[in-house]
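# Summary of structural features
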Amino acid sequence: MLFRSITGSSGENLGAALAFADVDNDTKYDLIVGSPLSDGAGTDRGKVEVYSGDTGLLLYSILGSADGDKLGSSVSRVGNIDGSSGEEFIVGIPFADVSAKTDAGMAKVYKGADGSPFTSISGNEANARLGSNVSGVGDVDNDGTADFMIAETHAAAGGTARGRVRVYSGDDLSVLYVKLGTDDNDHFGASLAGGADVNNDGRVDFMIGSPDVDGAGTDRGQVIVYSGVDGSVLYTKTGSANNDQLGYSIALLGNVDGAVGNDFIIGIPGAAGGGSSRGQTKVFSGDTGNVFYTLNGDEDNGAYGRAVIGLTPGIEADTEDDFAVGAPLVDGAGTDRGKVFVYR
């Protein structure tokens, strides 16, 4: 049943980024919507709107301040880190110029209660695009305060556009971990996920996807799951065929297989999937790292797996959590109408 629909203005790209957080502390998740191509008082300044999960009404808007900034290219729930009521959220502004460094990028954490800025992280490398992707990660350092991570997908990192991801403490903004892409044009950090305990050690873990990693071919893709305890690698998953783009989308799930540890899902939208670029998703056990579901798209070139999301708690009354997969290029009865699959 439709609760609320939101329509953007021409060219805004409303909905390019979405997140949920209980910003007004009413125990109901609110909707955070990014529109990175919103012009505002200029051109492509970007906009983020926050809507009440209770009434569907607009709570407040955040506007980009400079042409071409594209505020709202990425958004994510962080959690309560300022000690006041309501959860904070983070917004990526990857094309912001910083101290004359073009497209160095920026990310800002906003107070959920009123949308005012809480803190900001600025890039210091031209064209690195800090804020290309952002994600809350839960309490990685186990200090009682939620943490977050920010990607710079075009950071040089010792080469050309290898990419870099930093995990930040929500308590004091210190850098907890730095992870780097290893080859030119990896664009490491194109997808991020965190906040679930994969290996059942009592601490939340995080994962980083890089669909442009070549591996043993071209754009096969890669996803790495890291321990929240020490940043060590728990699992590495790589694409098996050229242009698979494994890791285009990723999500940490709840417990899908019924074993210990939280599971995770990886989108592989370029995979053959039993046809021609139908796309594929794989669900992995957090306990063993092994695949226990492989799901294929049902239409050639449908890009099944471009988007994945965990549905925790599940949508039915059982002990296992559910998930959904998007296939935005499925034609259906027309052209590129798209399709979403919900699994339980």
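Before going into details, it helps to say that this report is about the structure given with it. This one's a predicted model, so the numbers in the text were calculated from it and none came from an experiment.

Relative to the elements of secondary structure, Val-75 occurs in strand β5 (residues 74-79). Sequence separation between Val-75 and Thr-294 is 219 residues; the distance between their C-alpha atoms is 29 Å. Here Val-75 is in contact with Ala-17, Leu-18, Ala-19, Ile-32, Val-48, Ile-90, Val-91 and Val-134, once residues within four sequence places are set aside.

Here we take up a nonpolar patch on the surface. On the surface, Val-175, Val-178 and Leu-180 cluster together into a nonpolar patch covering about 230 Å² of accessible area. Within the element layout of this structure, Leu-180 appears in strand β12 (residues 175-180).

Before going further, it helps to spend a moment on the sheet that holds strand β22 (residues 322-327). Sheet architecture is open: three strands sit in the order β21-β22-β23, paired in antiparallel fashion. Bordering the open sheet on either side are β21 (307-311) and β23 (339-343), each of which pairs with just one other strand. Each strand of the sheet is rotated relative to its neighbour by a mean of 15°, with strand direction disregarded. Two elements, β22 and β23, share five bridges in a ladder whose sense is antiparallel. Considered in β23, the bridge of Phe-323 is made with Tyr-343.

Ranked by size, the top nonpolar core spans 19 residues in total, and within it Ile-32, Val-48, Val-50, Leu-71, Val-75, Phe-89 and Val-91 carry the most contacts. Where this core is concerned, the elements lending two or more residues are β1 (17-21), β3 (47-51), β4 (58-63), β6 (88-93) and β7 (106-110). Setting aside residues no more than four positions away along its own chain, Val-91 makes contact with Val-48, Leu-71, Gly-72, Ser-74, Val-75, Met-106, Ala-107, Lys-108 and Tyr-110. Residues Val-198, Val-225, Leu-246 and Ile-268 belong to the second largest nonpolar core, which totals 15 residues.

Burial along strand β17 (residues 249-252) is two-sided: Ser-249 and Ala-251 facing one way and Ile-250 and Leu-252 facing the other are all buried. Sheet topology places β17 next to strand β18 (residues 264-268); four bridges connect them, and they run antiparallel. Each bridged residue has a counterpart across the sheet, and for Ile-250 the counterpart in β18 is Ile-266.

Another point: the pattern of salt bridges. Enumeration according to the criterion identifies 11 salt bridges in this entry. In this structure, the salt-bridge partner of Glu-12 is Lys-47, at a minimum N-O distance of 3.0 Å. With Glu-12 in the segment before β1 and Lys-47 in strand β3, this pair connects stretches of sequence that are 35 residues apart. In this structure Lys-47 comes out as buried when scored by relative accessible area, which is 14%. For Lys-28, the salt bridge goes to Asp-54, with nearest N and O atoms at 2.9 Å. Placement of the pair is Lys-28 in the loop between β1 and β2 (30-35) and Asp-54 in the loop between β3 and β4, with a sequence separation of 26 residues. Linked through salt bridges whose partners overlap, the residues forming this network are Glu-125, Glu-152, Arg-164 and Arg-166.

Rules used throughout
Residues numbered from 1 in each chain as written. Predicted model: local features only at pLDDT ≥ 70, side-chain atom pairs only at ≥ 80, totals over all residues. Heavy atoms only, no water. Helix = DSSP H or I, 4+ residues; strand = E, 2+ residues; numbered from the N terminus. Contact = heavy atoms within 4.5 Å. Patch = residues over 30% accessible without salt bridge, like charges linked within 9 Å, V, L, I, M, F, W, Y side chains within 5 Å. Areas by Shrake-Rupley, 256 points an atom, 1.4 Å probe, with all protein chains shown as cover. Salt bridge = Lys/Arg side-chain N within 4 Å of Asp/Glu carboxyl O. Pairing = 2+ DSSP bridges. Axes fitted to C-alpha atoms, helices over the stretch in contact; angles between N-to-C directions. Core = buried A, V, L, I, M, F, W, Y, C linked by side-chain atoms within 4.5 Å. Buried < 20%, exposed > 50% of the residue type's maximum accessible area, 1.4 Å probe, protein only.

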